[in-house]
Amino acid sequence: MKVTVVGAGAVGASCAEYIAMKNFASEVVLVDIKEGFAEGKAMDLMQTASLNGFDTKITGTTGDYSKTAGSHVAVITSGIPRKPGMTREELIGINAGIVKDVTANLVKNSPNVIIIVVSNPMDTMAYLVHKTSGLPKERIIGMGGALDSARFKYRLAEALGSPISDVDGMVIAAHSDTGMLPLYSKATRNGVPVSEFLSDEQKAYVIEETKVGGATLTKLLGTSAWYAPGAAVSVMVQAIACDQKKMIPCSLMLDGEYGESDICLGVPAIIGKNGVEKIVNISLTDEEKAKFAEAAKAVREVNGDLKF
Ligand code: NAI
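Residues numbered from 1 in each chain as written. Predicted model: local features only at pLDDT ≥ 70, side-chain atom pairs only at ≥ 80, totals over all residues. Heavy atoms only, no water.

### Notes on the packing of aromatic side chains
Here's step 1: Counted by the stated rule, this structure contains two aromatic pairs.
Here's step 2: When the ring of Trp-226 is compared with that of Tyr-227, the centres are 5.7 Å apart and the planes differ by 50°; the resulting orientation is tilted.
Here's step 3: The aromatic ring of Phe-37 is capped on one face by Lys-34, whose charged end is 3.9 Å from the ring centroid. (Phe/Tyr/Trp six-rings, centres within 6.5 Å; stacked < 30°, edge-to-face > 60°. Lys NZ or Arg CZ within 6 Å of the ring centre and 35° of its normal.)

Pasting the structure below:
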């Protein structure tokens, strides 16, 4: 299983590292536009192989896509991240051009690739890849829900005072500060609804901190986060590589599911060797349905700024 990661920056390198550490891929190719950068990151990571005990071969290239030929999965992390105070949507101008270009190069060299889109604004970038790549929709997956759900679980465990492994929860809809929809009504601790344990005040805290999870880190770090994003991508790549048929919330092209069409939004899906094996239809409360529709409206407006 060969994996390409475009963008050897914070998220791309972290993602390559987690993939290698999990030892399921034979090869990871890092691609960057900055001269020597991907080669350097690849060499540094390869020098951790004997220390961390993995056999995955990591190589780097400055923009030579022939080295990515025959990739099963490609992850697009190239582009600029947000700075403190910026929204993800403000990145569209620069990132749309980069994502479109990168997609064309990937598909030319790996016509059967499954693309995982990470660059922000992610739901719109995933939509752009659908509109420009010519790939079947099952092969284009946006990464947002896996990360946002991990942040939701972190905040739930904090409020409950529980180990994270006792907690379950999922975030769907848009990967944006306002459009994220943490499904509080379905969150559980050891199978018991968390509403049994938390006050309304704690509920409001968990939901708000989940939604601004990325912005909180951007403020602290001066740029956006990388460990949890990299780990979230590696979980998705592993689900494909090992045909795990795992349910992961991802930004997918909808065709009537959840009442929306011609838009990429976060919904739960079974991820396996073919990419998206199935979109899972879970029942939403009326309030959740309204929030999902609101998120769709906002993403559609951002999509309107795209030029193909
Ligand atoms: P970074 O600046 O550390 O890395 C981006 C890399 O992309 C740089 O090394 C740059 O040289 C490279 N690059 C730029 N144009 C390129 C091109 N045409 N071809 C190949 N490489 C190119 O940024 P970071 O923190 O890794 O973030 C990357 C993107 O991921 C940002 O758009 C960020 O907003 C997004 N992101 C998305 C998340 C999600 O949940 N979907 C989570 C975290 C970040």
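### Observations concerning the side chain of Thr-77
Here's step 1: Along the polypeptide, Thr-77 turns up in the loop between strand E4 (73-76) and helix H4 (92-109).
Here's step 2: When its relative accessible area of 15% is taken as the criterion, Thr-77 is described as buried.
Here's step 3: There is a polar contact of 3.0 Å between the side chain of Thr-77 and the backbone oxygen of Gly-7.
Here's step 4: Discounting chain neighbours no more than four positions away, the residues touching Thr-77 are Val-5, Val-6, Gly-7, Val-11, Gly-12, Val-118 and Ser-119. (Helix = DSSP H or I, 4+ residues; strand = E, 2+ residues; numbered from the N terminus. Buried < 20%, exposed > 50% of the residue type's maximum accessible area, 1.4 Å probe, protein only. Polar contact = N/O pair within 3.5 Å; in protein donor to acceptor, adjacent residues only side chain to side chain. Contact = heavy atoms within 4.5 Å.)

### Points about the UniProt feature "binding site: substrate" (unreviewed entry) in the chain
Here's step 1: With numbering matched to this structure, UniProt assigns "binding site: substrate" (unreviewed entry) to Arg-82, Arg-88, Asn-120 and Arg-151. If you take the residues mentioned a moment ago, the ones lining the largest pocket come down to Arg-82, Arg-88, Asn-120 and Arg-151.
Here's step 2: Summarising the element assignment, Arg-82 is placed in the loop between E4 and H4.
Here's step 3: Leave out the neighbours within four places in its chain, and Arg-82 touches Thr-87, Arg-88, Leu-91, Asp-177, Gly-214, Ala-215, Thr-218, Thr-223 and Ser-224. (UniProt positions renumbered as here; feature names shortened; annotations may be inferred. 1 Å grid on protein atoms, 1.4 Å probe; cavity = no way out; pocket = protein on both sides within 12 Å on 5 of 7 lines; lining within 4 Å.)

### Some details on the sheet that holds strand E10 (residues 188-189)
Here's step 1: Read across the open sheet, the three strands follow the order E7-E10-E11; overall the sheet is antiparallel. Where the open sheet ends on each side, the last strands, each with one partner, are strand E7 (167-168) and strand E11 (192-193).
Here's step 2: With two bridges joining them, E7 and E10 adopt antiparallel strand pairing. Paired with Asp-168 across the two strands is Thr-188, which belongs to E10. (Pairing = 2+ DSSP bridges.)

### Here's the deal with the UniProt feature "active site" (unreviewed entry) in the chain
Here's step 1: Feature annotation in UniProt assigns "active site" (unreviewed entry) to the following positions: His-175.
Here's step 2: With residues near it in sequence (within four places) discarded, His-175 still touches Arg-88, Asn-120, Met-122, Asp-123, Gly-144, Leu-147, Asp-148 and Met-180.

### Topic: the confidence of the model for the chain
Here's step 1: Mean pLDDT over the chain works out to 97, with 100% of the residues at or above the 70 mark.
Here's step 2: Both scores are available for the predicted complex, with the pTM at 0.97 and the ipTM at 0.99. (pLDDT = per-residue confidence, 0-100.)

### Some remarks on the pattern of salt bridges
Here's step 1: One pass over the full model with this rule turns up twelve salt bridges.
Here's step 2: Among the salt bridges present, the one from Lys-245 reaches Glu-277, with a minimum N-O distance of 3.5 Å. Here Lys-245 is found in the loop between helix H9 (227-241) and strand E12 (246-255), whereas its partner Glu-277 is found in strand E14 (residues 275-279), with 32 residues between them in sequence.
Here's step 3: Note on Glu-277: relative accessible area 30%, which makes it partly exposed.
Here's step 4: A salt bridge links Glu-287 to Lys-291; the shortest N-O distance between them is 3.1 Å. One end of the pair, Glu-287, and the other, Lys-291, are both in helix H10 (residues 286-303), four residues apart, so they sit about a helical turn from each other.
Here's step 5: Members of the salt-bridge network, linked through shared partners, are Arg-82, Arg-88 and Asp-177. (Salt bridge = Lys/Arg side-chain N within 4 Å of Asp/Glu carboxyl O.)

### Structural notes on the nonpolar core
Here's step 1: Grouped together as the largest cluster of nonpolar side chains are 58 residues, with contacts concentrated most on Leu-30, Ile-116, Ile-141, Val-237, Ile-271 and Phe-292.
Here's step 2: With six residues, H9 is the single largest residue contributor to this core.
Here's step 3: Composition of this core by domain shows at least three residues from each of domain 1 (1-141) and domain 2 (143-303).
Here's step 4: When neighbours within four sequence positions are excluded, Ile-271 is seen to be in contact with Ile-141, Met-236, Ala-239, Ile-240, Gln-244, Lys-245, Lys-246, Ile-248, Cys-250, Val-276 and Glu-277.
Here's step 5: Counting residues in hydrophobic clusters, the runner-up holds 26 residues, among them Tyr-65, Val-113, Val-129 and Leu-135. (Core = buried A, V, L, I, M, F, W, Y, C linked by side-chain atoms within 4.5 Å. Domains from an automatic or database assignment.)

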